[in-house]
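Here is what each chain is made of, one letter per residue.
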Amino acid sequence: MLYYLNIWLASVRYSVVRTMMFRFDFILWSTVEFFWMSVNLLLVTVIYTHTDDIAGWSKYEMMLLVGTAMLIQRFLMGFFWSSLFEMGRNVRTGNFDFFLAQPGNIMFMATTRKLDLDGLINSVVAGGVVIYSAMQLGLQPSLTDVILYALMVACAVMIHYSAMVIITSLSFWITNTQGLESGYFTLFEFSRLPRQAFKGITRFVFVWALPVVVVTNIPAEILIHGFNFTDTLWFAGVTVFWFGLAVIIFHRGIRRYSSASS
Amino acid sequence: MLGTLNKYRHVFLVGLQSNIVYRWNFALRGFISLFHLIVVFTLWTAAYQGSTEIGGFNVQQTMTYFVMLLVLQFFIGAFNEDYEISEEIRNGLINQFLLKPINYFTYRFTIYIAARVVSGLLILVPLLIAFPFIKDYLTFPDELWRIALGLPSILLAGLIQFSIAYCFGMLTFWFLEIQGFVILSLALETLLGGQMFPLDLMPDWVFKISQCLPFYYQMYFPAAVLTGRIDQALAIQGLIVQIGWVVLLLGLNCFLWSRGLRRHTAVGG
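Rules used throughout
Residues numbered from 1 in each chain as written. Chains lettered and ligands numbered in written order. Predicted model: local features only at pLDDT ≥ 70, side-chain atom pairs only at ≥ 80, totals over all residues. Helix = DSSP H or I, 4+ residues; strand = E, 2+ residues; numbered from the N terminus. Rg over C-alpha atoms; globule rule 2.2 N^0.38 Å. Buried ≥ 20, exposed ≤ 12 C-beta atoms within 10 Å, placed from the backbone. Contact = placed C-beta atoms within 7 Å. Nonpolar A, V, L, I, M, F, W, Y, C, P; charged D, E, K, R; others polar. pLDDT = per-residue confidence, 0-100. Axes fitted to C-alpha atoms, helices over the stretch in contact; angles between N-to-C directions. Parallel < 35°, antiparallel > 145°, perpendicular 65-115°, else oblique. Left-handed = near helix turned anticlockwise from the far one by under 90°. Core = buried A, V, L, I, M, F, W, Y, C linked by C-beta atoms within 7 Å.

Trainee: What is the right way to look at the overall build of chain B in this model?
Mentor: Helix and strand counts for chain B stand at eleven helices and zero strands. The C-alpha atoms of chain B give a radius of gyration of 20 Å, which matches the 18 Å a tight globule of 269 residues would have. Along the longest, intermediate and shortest principal axes, the C-alpha atoms of chain B span 65 × 40 × 40 Å. Residues classed as buried in chain B amount to 39% of the 269 residues present. Intrachain contacts of chain B at a sequence separation of at least 6 include 84% that bridge at least 24 residues.

Trainee: Would you mind going over unusual backbone geometry with me for this structure?
Mentor: Glycine aside, a negative phi is what most residues show, and trans is what most peptide bonds show. Of note, Ala55(A) is a non-glycine position whose phi angle comes to about 50 degrees, a positive value. Among the structural elements, Ala55(A) can be located in the loop between α2 (23-48) and α3 (59-93).

Trainee: Even after reading the chapter, I still don't get the environment of Phe243(A), so can you show me in this structure?
Mentor: All names here are of chain A. You can see Phe 243 is positioned in helix α11 (residues 229-256). Judged by the 17 C-beta atoms lying within 10 Å of it, Phe 243 is partly exposed. Separated by 201 residues in sequence, Phe 243 and Leu 42 have C-alpha atoms that sit 34 Å apart. Apart from the residues lying within four places of it in its own chain, the contact partners of Phe 243 are Met 158 and Ser 162.

Trainee: I keep staring at the interface of chain B and chain A and nothing clicks. Help me out?
Mentor: Interfaces are often sized by the accessible area lost when the parts come together. At the junction of the two partners, chain B supplies 24 residues and chain A supplies 27 residues. The element that contributes the greatest number of residues to the side of chain B that touches chain A is helix α2 (residues 23-47) of chain B, accounting for ten residues. Counted by class, the side of chain B that touches chain A contains 17 nonpolar, seven polar and no charged residues.

Trainee: Which parts of the structure should I look at to understand the confidence of the model for chain B?
Mentor: Detailed reading of the predicted coordinates is not advisable wherever pLDDT falls low. Averaged over all residues, the pLDDT of chain B equals 90, while 99% of them reach at least 70. If you check the scores for this complex, the pTM reads 0.87 and the ipTM reads 0.85.

Trainee: I'm lost on the packing of α3(A) against helix α6 (residues 117-136) of chain A in this one. Help?
Mentor: Residue and element names in this part refer to chain A. Taken N-terminus to C-terminus, the directions of α3 and α6 make an angle of 160 degrees; their axes are 8 Å apart at the nearest point. Taken as axis vectors, α3 and α6 run roughly antiparallel relative to one another. For the pair α3 and α6, the sense of crossing is left-handed. Here α3 contributes Tyr 60, Met 63, Leu 64, Gly 67, Thr 68, Met 70, Leu 71, Arg 74, Phe 75, Met 77, Gly 78 and Trp 81 to the contact with α6, which in turn contributes Gly 119, Leu 120, Asn 122, Ser 123, Ala 126, Gly 127, Val 129, Val 130, Ser 133, Ala 134 and Gln 136. For the contact of α3 with α6, the residue count by class is 13 nonpolar, nine polar and one charged.

Trainee: Can you walk me through the nonpolar core in this structure?
Mentor: If you look at soluble globular proteins, the nonpolar side chains tend to sit buried side by side. Within the largest apolar cluster, 129 residues are counted, with the highest numbers of intra-cluster contacts made by Leu64(A), Ile72(A), Leu76(A) and Ala223(B). In terms of residues, this core owes the most to one element, α3(A), which gives 19 residues. The residues contacting Ala223(B), other than those within four sequence positions of it, are Tyr65(B), Met68(B), Leu69(B), Leu72(B) and Gly194(B).

Trainee: In this structure, what is going on with the packing of helix α3 (residues 59-76) of chain B against helix α10 (residues 214-227) of chain B? I would like to understand it.
Mentor: In a pair of packed helices, the angle between the axes and the distance between the axes together describe the arrangement. Residue and element names in this part refer to chain B. Relative orientation of the contacting elements α3 and α10 amounts to 130 degrees, with a least axis distance of 9 Å. As the angle between them shows, α3 and α10 are arranged oblique. When you trace α3 past α10, the crossing you get is right-handed. Each of Gln 61, Thr 64, Tyr 65, Met 68, Leu 69 and Leu 72 in α3 lies in contact with α10, whose residues at this interface are Met 219, Pro 222, Ala 223, Leu 226 and Thr 227. Taken together, the residues of the contact of α3 with α10 break down into eight nonpolar, three polar and no charged.

Trainee: Could you clarify how one ought to interpret the environment of Phe181(B) in this entry?
Mentor: Residue and element names in this part refer to chain B. Summarising the element assignment, Phe 181 is placed in helix α8 (residues 179-192). Through-space distance from the C-alpha of Phe 181 to that of Ile 243 is 25 Å; in sequence the pair is 62 residues apart. Apart from residues lying up to four places away in sequence, Phe 181 is in contact with Phe 168 and Leu 171.

Trainee: I'm lost on helix α10 (residues 214-225) of chain A in this one. Help?
Mentor: It helps to recall that an α-helix has 3.6 residues per turn; residues three or four apart then point in one direction. All names here are of chain A. Counted residue by residue, α10 has eleven buried out of twelve residues, so it is predominantly covered. Restricting attention to buried positions, one finds in α10 the residues Val 214, Val 215, Thr 216, Asn 217, Ile 218, Pro 219, Ala 220, Glu 221, Ile 222, Leu 223 and Ile 224. Contacts made by the buried residues of α10 are with α3, α6, α7 (143-169), α9 (200-209) and α11. Positive backbone phi, at 90 degrees, marks Gly 226, one or two positions downstream of α10.

What follows is the structure, given as structure tokens:
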């Protein structure tokens, strides 16, 4: 465990040095992400100037939900996106050999190598939105609720990570998964909506079959309404299911990997 | 004149062929846009639960606005024209145009029209599939002046869309990488072009400021005219300002092209 922590810390150091080399890029991309986050918050503000609730969620409850969605997305982008994006490309070009030769778990090595600091820096802003909304709602969550919220956010990142690993692993079978990867990002839009807003078939697909809506709704609801045993247990189960599926598909994929001629 | 038209007719046909190659890409993009439409429908129908009107418009009018935006996006939106122009400048591909009697702006604009014909027709496929689910939410005003003003405003909006993309492409003469600028501008255009929410829902003073910016005319304005969100007086006034922005942006394009060429170095044979 300590061995992997040391490897990960070395990756962090490498990513920090790299970011310092391209400072202008870091500032520009952080601004871009910050602006997009503001646009999403503005949408909530504008709608709530004309209505009092959306599917039973008040303005600041909705802000808390959007803040949670942004927090999860920033963590996913910051910790895993660059490595996962490169993994697909490496499988296509044959550079994936590099990871096979490393002394450690291949999935860990291939998916945690690069950190995106501009994604991570904005997680502070997203966290700020969550705290601000909680204050506006007059919430006083217990320490257990806060820890549980943090764990649920971690589980949500894990679920998204697993889904992305599955999509990227498809490049072991099909050549180009870039369309699918960007398609997955469209699903993030769903995570900013309350699950009560979904009706009929969309409720079945986006709330139950795909975990895109619950990943944000359950953590936000824990902070707003407190601990819910059924939701928490179900969420933990979903996390184990998706992560297990990702590990299986990734390792099945490696068996098909045939490198590229040099 | 006829010779010039003939020249660009061939460019159009080549553009059409090369874009038909990417038909699956456009089709996939169209189907992904349906997911965005599901998000919009879910959010706004939930917002309309407690009230019959938001900003003076009912749920059908607001949904029609968003469907119209989607159609316009595929018919006039600049997709990756900025990157293509940037690539041509960076790779030196524009050198060939400097030696031929071809206007680079007109050439790129013709390719853009060809690309939008293909993508515009392809978005109709997923929309036709979604039609049974959304038909109850569609309502169009029956005033004829809306079509008379709406159609030219679509063409002008296309020119604004392309001109902004062209300007960003021109930045490659000064900066090697334009991706950050483009995405920052995309966020601004998404917001002030009315793609996140109809601009008329913003506070009155913000709505008035947005009317002075080109983004208002590149998407919101034609959609608002055609779906009945603005009245005739505001539509006529808007069309005049829109023409003003087209002239201004075309002038800026010429300026950036001539200034950029002074910095451009054509290397190799």
